[in-house]
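# Architecture at a glance
The residues making up each chain are set out below.
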Amino acid sequence: MPLVSERPWARVLPDLVVTGGTVLTLVPGEAPLEGAAVWIKGPRILAVDPTGTVPPEGTCRRIDATGGIVLPGLVNAHNHAAMALLRGYADDLPLERWLFERIFPAEARHVDPDFVYWGTLLACLEMIQSGTTCFADGYFFEDAAAQAVERSGMRALLAQGVIDFPAPGVPDPADNVARAQAFVERWLKRCARITPGIFCHSPVTCSPRTLEMSNRVAEQYGVPLQLHLSETAGEVATVRERFGRRPVAFLEDLGLLGPRLLAAHAVHVVDAEIELLAQYGVKVAHLPESNMQLASGIAPVGRMLAGGCRVALGTDGCASNNNLDLWETMDTAAKLDKVSSGDPTALKARDVVTMATAWGAAALGLDAEIGTLAAGKRADLIVVDLDRPHLQPHYDPYSALVYSAKGSDVRDVLVDGRVLMRDRRVTALDTEAIMANARRWGRRIMQAR
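What you are looking at is a predicted structure, and each value in this text was computed from that prediction instead of being measured. (Residues numbered from 1 in each chain as written. Predicted model: local features only at pLDDT ≥ 70, side-chain atom pairs only at ≥ 80, totals over all residues. Heavy atoms only, no water.)

This part takes up helix H5 (residues 208-221). Its 14 residues give H5 an end-to-end C-alpha distance of 20 Å, which sits within 8% of 20 Å, the value for a rise of 1.5 Å per residue. Three or more residues of H5 are buried, namely Thr 210, Leu 211, Ser 214, Asn 215, Val 217, Ala 218 and Tyr 221. Seen from one end, H5 has its buried residues packed into an arc of 160°, which puts them on one side. Among the exposed residues of H5, those oriented more than 90 degrees off its buried face are Arg 209, Arg 216 and Gln 220. Just past H5, the residue Gly 222 takes up positive phi, approximately 65°. (Helix = DSSP H or I, 4+ residues; strand = E, 2+ residues; numbered from the N terminus. Expected span 1.5 Å × (residues − 1). Buried < 20%, exposed > 50% of the residue type's maximum accessible area, 1.4 Å probe, protein only. Arc of directions from axis to C-beta.)

Below is the structure:
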């Protein structure tokens, strides 16, 4: 099809065009665009043309998405990427025993920059292969995580962990906030794909002073603050016993509530707390599989959405979920909300896809750049192959994605217009080296048990 001269963008030759698929822009109010073309110039989307206009043959690279679905890359709103090396290490335990008897001791023995670097690369490889292009991370030795993300080509919000115990790389808890601040300063403008931040473990493991100091640093640099919130009933009881308030009201007293705060889990929140979260614009990361595996409970997602909260989806780390496949998370989130509410119409498929894309971007403070396919946005997108038995026939693209698709159905992955995976082959990373180092760390950890 010839260039359409009356369209200003069509006078600019793109570097790459994705053609032929059904495009889900995730722009509010926009319907699926069958046979549309996504024009990409450099790291950004030049245009999404519903008529499927393409430049003359040989003028740019093309990805033929015919028979597939083109949509924004998935956003994993809560992860501890390096813990991919602890996958399956402490299964079938309640949270307190999982954390204090297995995970914390293992981290004290093993976590160093090499662990974080290769664990994060392993996580990046898994996420690229399943269509995640951006994720929020919170861990220790986060400089090593940033180096891994920089190498991978992915986009990420990377937050240095803060906790009031001796931690990997921070043996003196008195240094925890200063270390986090130094990390933010190092990475604030170093890589366009990396947003630095601070991750406070929880209101139970961080003192009020630590929480307030971390929040002041986040405000000073204009970066996000992450923390685990009301993950278990025991955590809520501890906060009430220590401070005489439920966790959300306690955080309000400390001045932490605000649009920069990304709260993970939010399982045991009551209606008054939901109202506060919505009032202050706090973002929530819903982690259904991790919550189920640790028997933490079922987050009231339907009530949070109805109350005006912006809720995104995350996998959590592999030590409490065992996979980083957001497609499984989407399917689980939709079905869990239906069965917990007794309403089969709850949490519809389109809303779940939005949670994994546009609302995930908003949760990370990146919605001006990613999360929807529109002119001027970063060219972070994926192609899902529908030519699979479990995806035929299909009548609604959102339903097919949430209830039928798997991570292995993702065929192509782009970040900033760069192809990270083409025809299911990851081009951005050395898969063999990553797998060899994952096995090396697995042997080391097993020998120390």
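Anyway, onward from the coordinates.
For the rest of this paragraph, the subject is the packing of aromatic side chains. On inspection of all chains with the given rule, the structure shows 6 aromatic pairs. Ring centres of Phe 243 and Phe 250 lie 4.2 Å apart, and the angle between their planes is 10°; this geometry places the pair in the stacked category. Accessibility expressed as a relative area gives 29% for Phe 243, which makes it partly exposed. Against the face of Tyr 89 rests Arg 102, its NZ or CZ located 4.7 Å from the ring centre. (Phe/Tyr/Trp six-rings, centres within 6.5 Å; stacked < 30°, edge-to-face > 60°. Lys NZ or Arg CZ within 6 Å of the ring centre and 35° of its normal.)

Judged by which residues are buried, strand E14 (residues 283-286) turns out to be covered on both faces: Lys 283 and Ala 285 on one side and Val 284 and His 286 on the other are all buried. Of the strand pairs in this sheet, strand E13 (residues 261-265) and E14 are connected by 3 bridges, and their pairing is parallel. Bridge pairing links Leu 262 to Lys 283 in E14. Each parallel crossover has a hand, and for E13 linked through helix H8 (residues 271-280) to E14 it is right-handed. Judged from the 4 bridges that link them, E14 and strand E15 (residues 310-313) form a sheet pairing that is parallel. By the bridge assignment for E15, His 286 is matched with Leu 313. (Pairing = 2+ DSSP bridges. Right-handed = clockwise from strand over helix to strand, strands pointing away.)

In this section: the packing of helix H4 (residues 176-187) against H5. Between H4 and H5, the shortest axis-to-axis distance is 10 Å and the interhelical angle comes to 15°. Classed by the angle they form, the pair H4 and H5 counts as roughly parallel. Considering only the axes of H4 and H5, their crossing is right-handed. Of H5, the residues touching H4 (which contributes Asn 176, Val 177, Gln 181, Val 184 and Glu 185) are Thr 210, Met 213, Ser 214, Val 217, Gln 220 and Tyr 221. Within the contact of H4 with H5, the residues separate by chemical class into 5 nonpolar, 5 polar and 1 charged. (Axes fitted to C-alpha atoms, helices over the stretch in contact; angles between N-to-C directions. Parallel < 35°, antiparallel > 145°, perpendicular 65-115°, else oblique. Left-handed = near helix turned anticlockwise from the far one by under 90°. Contact = heavy atoms within 4.5 Å. Nonpolar A, V, L, I, M, F, W, Y, C, P; charged D, E, K, R; others polar.)

This paragraph deals with unusual backbone geometry. Residue Pro 393 follows Gln 392 across a cis peptide bond; omega there is -15°. The phi dihedral of Phe 141 is positive, around 50°, even though this residue is not glycine. Within the secondary structure, Phe 141 sits in the loop between strand E9 (132-139) and helix H3 (142-152). Notably, Ala 295 is not glycine yet its phi reads approximately 55°, a positive angle.

The residue Gln 160 is located in strand E10 (residues 155-162) in this model. Among the polar contacts listed, one links the side chain of Gln 160 to the backbone nitrogen of Glu 142, at a separation of 3.2 Å. Once residues lying within four places of it in the same chain are set aside, the contact partners of Gln 160 are Tyr 139, Phe 140, Phe 141, Glu 142, Val 170, Arg 179, Ala 180, Phe 183, Gly 197, Ile 198 and Phe 199. (Polar contact = N/O pair within 3.5 Å; in protein donor to acceptor, adjacent residues only side chain to side chain.)

Time to look at the sheet that holds strand E6 (residues 61-64). In space, the 4 strands of this open sheet follow the order E5-E4-E1-E6, with mixed pairing throughout. Only two strands of the sheet have a single neighbouring strand rather than two, namely strand E5 (44-49) and E6. Along the sheet, successive strands turn relative to each other by an average axial angle of 20°, direction set aside. As judged from the 4 bridges shared by strand E1 (residues 16-19) and E6, these two strands associate in the parallel manner. Bridge pairing in E6 links Val 17 to Arg 62.

Pairing within the open sheet is parallel, and its 8 strands lie in the order E8-E9-E10-E11-E12-E13-E14-E15. The strands lining the two open edges of the sheet, one partner per strand, are strand E8 (74-79) and E15. Each strand axis lies, on average, 25° off the axis of its neighbour in the sheet, ignoring direction.

Oppositely charged side chains are able to pair whenever their charged atoms sit close together. For the structure on display, the rule yields 21 salt bridges. The partner of Arg 424 in a salt bridge is Asp 385, and the shortest N-O contact between them spans 3.2 Å. You can see Arg 424 sitting in the loop between strand E18 (418-422) and strand E19 (425-426) and its partner Asp 385 sitting in strand E16 (residues 381-385), a full 39 residues away along the chain. With a shortest N-O distance of 2.8 Å, Arg 422 and Asp 412 are connected by a salt bridge. Of this pair, Arg 422 sits in strand E18 while Asp 412 sits in strand E17 (residues 410-415), and the two are 10 residues apart along the sequence. For Asp 412, a relative accessible area of 0% corresponds to the buried category. One network of salt bridges, in which partners are shared, links Arg 44, Arg 155, Glu 369, Arg 378, Asp 380 and Asp 416. (Salt bridge = Lys/Arg side-chain N within 4 Å of Asp/Glu carboxyl O.)

A few words now on the environment of Asp 172. Checked against the element boundaries, Asp 172 lands in the loop between E10 and H4. Along the sequence, Asp 172 and Val 239 sit 67 residues apart, while their C-alpha atoms lie 24 Å from each other.

This part covers the packing of helix H2 (residues 113-129) against helix H15 (residues 431-447). Where H2 contacts H15, the axes come no closer than 9 Å and their chain directions differ by 130°. Considering the angle they form, H2 stands oblique to H15. For the pair H2 and H15, the crossing hand works out as left-handed. Residue-level inspection shows Asp 114, Phe 115, Trp 118, Leu 121, Leu 122 and Leu 125 of H2 in contact with H15, the latter providing Thr 431, Ala 433, Ile 434, Met 435, Asn 437, Ala 438, Arg 440, Trp 441 and Ile 445.

What is shown is where atoms sit, not what they do.
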